[in-house]
Amino acid sequence: MTEPAARQATAGVNAPEPDETWVALPASLDPSQPLVRLSRQRARLWQLVLTARLIPCTLQRGEHGWQVLVPGDVADRSLSELRQYQRENRGWPPPPPPANALLDNRFTTLCVLAAIGMFHNLTLQPTLPFLPAGIEWSAAGNAHAGKIVAGEWWRAVTALTLHNSGLHLMSNLVFGGVFIMRLCRLLGSGLGWGLTLASGIGGNLLNAWLQAEQHRAVGASTAVFGAVGLLAAFGVLRSWHNRRGGRRWLLPLAAGVGLLAMLGVGGEHTDIGAHLWGFACGLLLGTLTARSGRIDRCVPVCLGVLSGLASITLVTCAWWLALRG
């Protein structure tokens, strides 16, 4: 038995008869390019094509790359089948859709982050113009689970703007700024902040329903992990639609869960439930947004403006209701 036949018999492929003559197919299907090395990946692809057409073949590694050997009497047919396969599959798989150009609106995002810091400083002042003295901001706006369930829904909004200390504030601004800035460059500042706020509100509402009545929480971290969930959902949906990386579409989700596990469950006063539900709401809203195609084409300016104005109005009305009581 010849060496190619021995290789083929060992691999379980149709073995040639002892008197069969096997020939190596040219490394290029285009006669104008004879000097081409056949890679192992391409050789295996040719082997699959020929096997599917019931043509016996085997692979052999030579001095100038891999070779596909077939019986001499079917060599012409083998080349014809491979050329037909190449014609039918030219340009496949299609290239992924072009990525949406990132919006350079970092200044707007930084201004919003600065406004959150300024509001924290205002809550530390004993008196403010047009407001009664001695306001207990935390008592009026924290996410008190019992009161939220009883109907004070605005606490789910106001709690996102309150922080226990300057360190608490800075950690949320620095950590959250990285992800929110990326999100706003994808969607625009208005829609990006609107979805982040919605994720934080949803996380606080769900957390209030599941916590004890005495549970209280403040901080923007619920919305920050909502932004992480939004980005994870966008990454998963994009990878899934491209279908070019096997199971790599799971990587964005794994990265988001990893960040939640590393940064969202540590610390003595960490509200794990709020972080978890904020992340979950971000995943849900991100999936709905991605399926609507908002990350594959430019977001209309009017939608961004309306989303931004709605977010400002909602926060303002929530604090008006909180201070009125």
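What counts and what doesn't
Residues numbered from 1 in each chain as written. Predicted model: local features only at pLDDT ≥ 70, side-chain atom pairs only at ≥ 80, totals over all residues. Heavy atoms only, no water. Helix = DSSP H or I, 4+ residues; strand = E, 2+ residues; numbered from the N terminus. Expected span 1.5 Å × (residues − 1). Buried < 20%, exposed > 50% of the residue type's maximum accessible area, 1.4 Å probe, protein only. Arc of directions from axis to C-beta. Salt bridge = Lys/Arg side-chain N within 4 Å of Asp/Glu carboxyl O. Contact = heavy atoms within 4.5 Å. Phe/Tyr/Trp six-rings, centres within 6.5 Å; stacked < 30°, edge-to-face > 60°. 1 Å grid on protein atoms, 1.4 Å probe; cavity = no way out; pocket = protein on both sides within 12 Å on 5 of 7 lines; lining within 4 Å. Points joined across faces, edges and corners; volume = space filled by probe spheres on them. Pairing = 2+ DSSP bridges. Axes fitted to C-alpha atoms, helices over the stretch in contact; angles between N-to-C directions. Core = buried A, V, L, I, M, F, W, Y, C linked by side-chain atoms within 4.5 Å. Patch = residues over 30% accessible without salt bridge, like charges linked within 9 Å, V, L, I, M, F, W, Y side chains within 5 Å. Areas by Shrake-Rupley, 256 points an atom, 1.4 Å probe, with all protein chains shown as cover.

Engineer: What is the right way to look at helix α4 (residues 106-123) in this model?
Structural biologist: Residues spaced three or four apart along an α-helix point in a common direction, a consequence of the helix completing one turn every 3.6 residues. Between its first and last C-alpha atoms α4 spans 26 Å; for 18 residues at 1.5 Å apiece the expected length is 26 Å, and the two agree. All of the buried residues in α4 are T109, L113, G117, F119, H120 and T123. Seen along its axis, α4 keeps its buried residues to an arc of 155°; they face one direction. Opposite the buried face of α4, by more than 90 degrees, sit the exposed residues F107 and M118.

Engineer: Looking at this structure, I do not really get the pattern of salt bridges. What am I missing?
Structural biologist: Pairs can form between side chains of opposite charge once their charged atoms are near each other. Summed over the entire model, instances satisfying the criterion amount to two salt bridges. Of the charged contacts, one joins R53 and E81 as a salt bridge, the two residues approaching to 3.2 Å between their closest N and O atoms. Linking R53 in the loop between α2 (40-52) and β2 (58-62) with E81 in helix α3 (residues 75-88), this pair joins segments that are 28 residues apart in sequence. Take R53: its relative accessible area is 43%, and that puts it in the partly exposed class. The salt bridge involving E152 is made with R155; its shortest N-O contact spans 2.6 Å.

Engineer: It is not clear to me how the environment of S199 should be interpreted in this structure. Could you clarify?
Structural biologist: For S199, the location among the structural elements is in helix α9 (residues 189-210). Distance in space between the C-alpha atoms of S199 and G282 is 5.1 Å, their sequence separation being 83 residues. Not counting chain neighbours up to four residues away, the residues in contact with S199 comprise G226, L230, G278, C281, G282 and L285.

Engineer: I'm lost on the packing of aromatic side chains in this one. Help?
Structural biologist: Each aromatic ring pair is characterised by the separation of its centres together with the angle its planes make. With the rule as written, the count across this model stands at six aromatic pairs. Ring geometry for W153 and W154: centres 6.0 Å apart, planes at 75°, overall edge-to-face. Assessed through its relative accessible area of 40%, W153 is described here as partly exposed. Here the aromatic rings of F175 and F225 are separated by 5.7 Å at their centres, their planes lie at 50°, and the arrangement is tilted. Of this pair, F175 sits in helix α8 (residues 166-187) while F225 sits in helix α10 (residues 221-242), and the two are 50 residues apart along the sequence. Here F175 matches F225 in class, with each residue buried. Through a chain of ring-to-ring contacts, the aromatic side chains of F119, W137 and W319 assemble into a single cluster.

Engineer: Just checking my understanding: could you explain empty space enclosed by the protein for this structure?
Structural biologist: If you roll a probe as big as a water molecule over the atoms, it shows you where there is empty space left. Summed over all chains, the structure comprises one cavity of 30 Å³ or more. Estimated volume of the largest cavity: approximately 30 Å³. Forming the walls of the largest cavity are A143, A145, I148, N204, N207, A208 and H215. Of all the secondary-structure elements, those providing two or more residues to the lining of the largest cavity are α6 (145-149) and α9. If one sorts the elements of the lining of the largest cavity by residue count, α9 sits on top with three residues.

Engineer: Would you mind going over the sheet that holds strand β1 (residues 22-24) with me for this structure?
Structural biologist: The strands that make up a sheet pair up through hydrogen bonds in the backbone, lying either parallel or antiparallel. The strand order β1-β3-β2 describes an open sheet built from three strands, whose pairing is antiparallel. With one partner strand each, in any of the chains shown, β1 and β2 form the two edges of the open sheet. Here the average twist between neighbouring strands, direction ignored, is 35°. Taken together, the three bridges between β1 and strand β3 (residues 65-71) define a ladder with antiparallel strand orientation. When the bridges of β3 are listed, W22 appears paired with P71. Contacts between α2 and the sheet are confined to β2 and β3, with β3 contributing the most and set at about 15° to the helix.

Engineer: Just checking my understanding: could you explain the nonpolar core for this structure?
Structural biologist: When a protein is soluble and globular, its nonpolar side chains tend to lie buried together. Among the nonpolar cores identified, the biggest contains 24 residues, and L183, L187 and F234 are the most heavily contacted of them. Residue assignment for this core shows that the elements contributing at least two residues are α8, α9, α10 and α12 (272-291). Core analysis: the second largest hydrophobic core is formed by 22 residues, W154, L197, V218 and W319 among them.

Engineer: How should I be thinking about a nonpolar patch on the surface in this particular structure?
Structural biologist: Together, V149, W209 and L210 give the surface a local cluster of nonpolar side chains, amounting to about 350 Å² of exposed area. Among the structural elements, L210 can be located in helix α9. Take L210: its relative accessible area is 57%, and that puts it in the exposed class.

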